[in-house]
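Listed below are the residues making up each chain.
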Amino acid sequence: MTTIALITGANKGIGYETARLLGERGVTVWVGARDEERGRAAVRALRAGGARAEFVRLDVTDEASARQAAARIDGAHGRLDILVNNAGIVRADPDWLPGGTTVATLREVYEVNVFGVVAVTNAMLPLLRRAEAARIVNVSSEVGSIASVTDPDGPLWPLTSVPYPSSKTALNMVTAMYAKELRDTPIKVNAANPGYCATDLNGHRGHRTAEQGARVSVHLATLPADGPTGALWGHLWTVGGDPEAYGVLPW
Ligand code: NAP
């Protein structure tokens, strides 16, 4: 029986690489994308590489779109084994300072990075419960870790922006709460920190590749039964560790 995965924002960047790496493992990957043309182009590329890939239109800010995506996957498979909530955006007001932050910017970022995750997860939860042992991966960031950004000796100390970092902090809490709700089921819910990867999100300034970032999501999406739940998992460089090694990070 093939494993079924949905990755949101899978038409490019870390989401696409997550779909590609899961596809290489024989997983049937549903490419969630808000734009049909970009989503179908990604599916063509994945299929050309030998993956079993399907397109599903999914704008995470639109609850109806999440429900329709769930209905499509339900109709095709009746269950969902892996949900990777990967879609995310960065926005900031001009001076990147808390005092210059507008509610409009905050709201725009939270719509995708926080509310979108809750909308998609809740739409998919009945399908995830029907799987043997589903995995939910919320793609977060080390900049959402309060412990990391408030460490004066850490690399994230200079960061001052509110919208994106606080959205990932909220996402970490969302992750912890779903993990608690589902702790008596085989479902595991974790947050992934891909590390700073060169993608459109940051004008390709990241020092890691999108594929390196995707490996953390794949790791959490394929955890064994004795794996962790309710953790932020990622590269350890933010806490002074080996840049290539990863493990549990502080919230
Ligand atoms: P990216 O290349 O900009 O890709 C973002 C993806 O999210 C795109 O597919 C985009 O679709 C999609 N998306 C945005 N808004 C959406 C919406 N309303 N509905 C559905 N899809 C939507 O960025 P990335 O670097 O791969 O980011 C992927 C995830 O990793 C994000 O959650 C990000 O916060 C996280 N992350 C990235 C880094 C990094 O250094 N790159 C570090 C830490 C965490 P469109 O093409 O239609 O815009």
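Check the entry above for the structure.
Calculation rules
- Residues numbered from 1 in each chain as written.
- Predicted model: local features only at pLDDT ≥ 70, side-chain atom pairs only at ≥ 80, totals over all residues.
- Heavy atoms only, no water.
- 1 Å grid on protein atoms, 1.4 Å probe; cavity = no way out; pocket = protein on both sides within 12 Å on 5 of 7 lines; lining within 4 Å.
- Points joined across faces, edges and corners; volume = space filled by probe spheres on them.
- Helix = DSSP H or I, 4+ residues; strand = E, 2+ residues; numbered from the N terminus.
- Nonpolar A, V, L, I, M, F, W, Y, C, P; charged D, E, K, R; others polar.
- Near = heavy atom within 4 Å.
- Polar contact = N/O pair within 3.5 Å; in protein donor to acceptor, adjacent residues only side chain to side chain.
- Sits in = over half its atoms within 2 Å of the grid points.
- Buried < 20%, exposed > 50% of the residue type's maximum accessible area, 1.4 Å probe, protein only.
- Pairing = 2+ DSSP bridges.
- Axes fitted to C-alpha atoms, helices over the stretch in contact; angles between N-to-C directions.

## Thoughts on the layout of surface pockets
Alright, step 1. For the largest pocket, the calculated volume is near 1200 Å³.
Alright, step 2. Along its surface, the largest pocket is lined by 50 residues, and Gly88, Val90, Tyr164, Thr199 and Leu201 are the ones closest to its centre.
Alright, step 3. Those elements that provide at least two residues to the lining of the largest pocket are helix H1 (13–24), strand E2 (28–33) and helix H6 (163–181).
Alright, step 4. Its residues placed into classes, the lining of the largest pocket shows 23 nonpolar, 17 polar and 10 charged.

## Details of the site of the ligand
Alright, step 1. Around the ligand there are 29 residues in total, and Arg34, Asn86, Tyr164, Cys197 and Thr199 lie nearest to it.
Alright, step 2. At a separation of 2.8 Å, an oxygen atom of the ligand approaches a polar backbone atom of Ile14.
Alright, step 3. Here Leu201 contributes a backbone N or O atom positioned 3.5 Å from an oxygen atom of the ligand.
Alright, step 4. Mapping the ligand onto the cavity grids shows that it belongs to the largest pocket.
Alright, step 5. Counting only elements with at least two residues in the shell around the ligand, the list comes to H1 and H6.
Alright, step 6. Residue composition of the shell around the ligand, grouped by class: 12 nonpolar, 11 polar and six charged.

## Observations concerning unusual backbone geometry
Alright, step 1. For Trp96, which is not glycine, the phi dihedral falls at a positive 60 degrees.
Alright, step 2. When its relative accessible area of 46% is taken as the criterion, Trp96 is described as partly exposed.
Alright, step 3. Residue His204 is not a glycine yet carries a positive backbone phi of 60 degrees.
Alright, step 4. Topologically, His204 is positioned in the loop between strand E6 (188–193) and helix H7 (210–221).

## Considering the sheet that holds strand E3 (residues 52–57)
Alright, step 1. The eight strands lie next to each other as E3-E2-E1-E4-E5-E6-E7-E8, forming an open sheet whose pairing is mixed. Two strands bound the open sheet, and with one partner strand each, they are E3 and strand E8 (246–249). The mean angle between the axes of side-by-side strands here comes to 25 degrees, regardless of whether they run parallel or antiparallel.
Alright, step 2. Pairing analysis gives four bridges linking strand E4 (residues 82–85) to strand E5 (residues 135–139), with the strands arranged parallel.

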